Amino acid sequence: MDFGLLDEGGAPIADPLRYRDQSHEAGAPELDRQLPPARRYALTGIQPLVFNSASLLMARVVLKDEELSRASRLLFLPDLVHHLVAGDDVRIERTIASTSEMLGLNGEWEVGITSLLGVERLLGPLCDAGAGVPPRAPGHDTAAAVVAAPGEGEGWAYISSGTWSLVGVELPEPVPTLEALAAGFTNERGVDVTFRFLRNVMGLWLLERFRGGRPVEQ
């Protein structure tokens, strides 16, 4: 969900905005008011979490953020790194775009959400993992982990474990139903036009805190 804003010359305006930024407290309620979570889920298949990029961008609108008004381009963190290394490439890779809650189930920007946020002008063209020379890697870390997993065919599932753990299956089609929404499942876009139908569960965050000697409440 992390993203950076670029000026007209392609340089970052400020440090990237990370998903733990507390501005979502202003953005999430307003986004829910203007476009209910169930409707957003039907459009994107993504769990309407308060720290999604869409909520953070709505916060920028609510707070009349100067950086957003100055920006000419938005890039998610993997795309931003690629841009800074490769130069003028401002494409956005689809696996990382999907978790922003702004990508439609058809793999294109969902105008009903991007127009609400007023960010159409900031969003560059989309590309698939493997496209380009050299080929673009999957932008999303879980998408990269799942495409590297040895599972083939049907009847297998995965657990991608880190600060969070993600438990799910790889499907050829999304499951954007009300039942899936209520059960906490999301439909993140995978490599080769697949969908990672998964749930976030508690991962190793508690262990990381205890090993580091830091209070859990932080």
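The coordinates are above.
Rules used in this analysis
- Residues numbered from 1 in each chain as written.
- Predicted model: local features only at pLDDT ≥ 70, side-chain atom pairs only at ≥ 80, totals over all residues.
- Heavy atoms only, no water.
- Helix = DSSP H or I, 4+ residues; strand = E, 2+ residues; numbered from the N terminus.
- Buried < 20%, exposed > 50% of the residue type's maximum accessible area, 1.4 Å probe, protein only.
- Contact = heavy atoms within 4.5 Å.
- Areas by Shrake-Rupley, 256 points an atom, 1.4 Å probe, with all protein chains shown as cover.
- Lys, Arg positive; Asp, Glu negative; His and termini not counted.
- Charge placed at Lys NZ, Arg CZ, Asp CG, Glu CD.
- 1 Å grid on protein atoms, 1.4 Å probe; cavity = no way out; pocket = protein on both sides within 12 Å on 5 of 7 lines; lining within 4 Å.
- Points joined across faces, edges and corners; volume = space filled by probe spheres on them.
- Nonpolar A, V, L, I, M, F, W, Y, C, P; charged D, E, K, R; others polar.
- Axes fitted to C-alpha atoms, helices over the stretch in contact; angles between N-to-C directions.
- Parallel < 35°, antiparallel > 145°, perpendicular 65-115°, else oblique.
- Arc of directions from axis to C-beta.

What exactly am I supposed to notice about the overall build of the protein chain here?
Helix and strand counts for the protein chain come out as 10 helices and 8 strands. In terms of its C-alpha atoms, the protein chain occupies a principal-axis envelope of roughly 50 × 45 × 40 Å. Residues classed as buried in the protein chain amount to 44% of the 218 residues present. Put simply, of all contacts in the protein chain between residues at least 6 apart along the chain, 64% involve residues at least 24 apart. By element, 56% of the accessible surface of the protein chain is carried by carbon and sulfur atoms, the whole surface being about 11100 Å². Side-chain charges of the protein chain comprise 19 positive and 30 negative groups, with the mean position of each set lying 4 Å from the other.

Sorry, what's going on with the layout of surface pockets here?
The volume enclosed by the largest pocket comes to roughly 620 Å³. What lines the largest pocket is a set of 27 residues, and nearest its centre among them are M1, Y19, H140, D141 and W164. Among the elements of the structure, helix 5 (77-86), helix 8 (141-148), strand 5 (158-161), strand 6 (164-171), strand 7 (186-189) and strand 8 (195-202) are those that each provide at least two residues to the lining of the largest pocket. In terms of residue count, strand 8 provides more of the lining of the largest pocket than any other element does, 3 residues in total. Split by residue class, the lining of the largest pocket holds 10 nonpolar, 13 polar and 4 charged. Roughly 230 Å³ of internal volume is contained in the second largest pocket. Along the wall of the second largest pocket there are 16 residues; nearest its centre are E152, G153, W156, E170 and L171. Secondary-structure elements contributing two or more residues to the lining of the second largest pocket are helix 8 and strand 6.

Is there a simple way to explain the packing of helix 1 (residues 24-34) against helix 3 (residues 53-62) in this structure?
The geometry of a pair of packed helices is captured by two quantities: the angle between their axes and the separation between those axes. Viewed as axis vectors pointing N to C, helix 1 and helix 3 meet at an angle of 100 degrees, and their least axial separation amounts to 7 Å. If you check the angle between helix 1 and helix 3, you find them roughly perpendicular. Facing helix 1, whose interface residues are H24, A26, G27, A28, E30, L31 and Q34, helix 3 presents A54, S55, L56, M58, A59 and V62. Each residue belonging to the contact of helix 1 with helix 3 can be placed in one class, and the counts come to 8 nonpolar, 4 polar and 1 charged.

Any chance you could explain helix 1 here in plain terms?
Because an α-helix packs 3.6 residues into every turn, residues spaced three or four apart end up facing the same way. Every buried residue of helix 1 is listed here: H24, G27, A28 and L31. Relative to the axis of helix 1, the buried residues are bounded by an arc of 95 degrees and lie together on one face. Facing away from the buried surface of helix 1 by more than 90 degrees, the exposed residues are E25 and R33.

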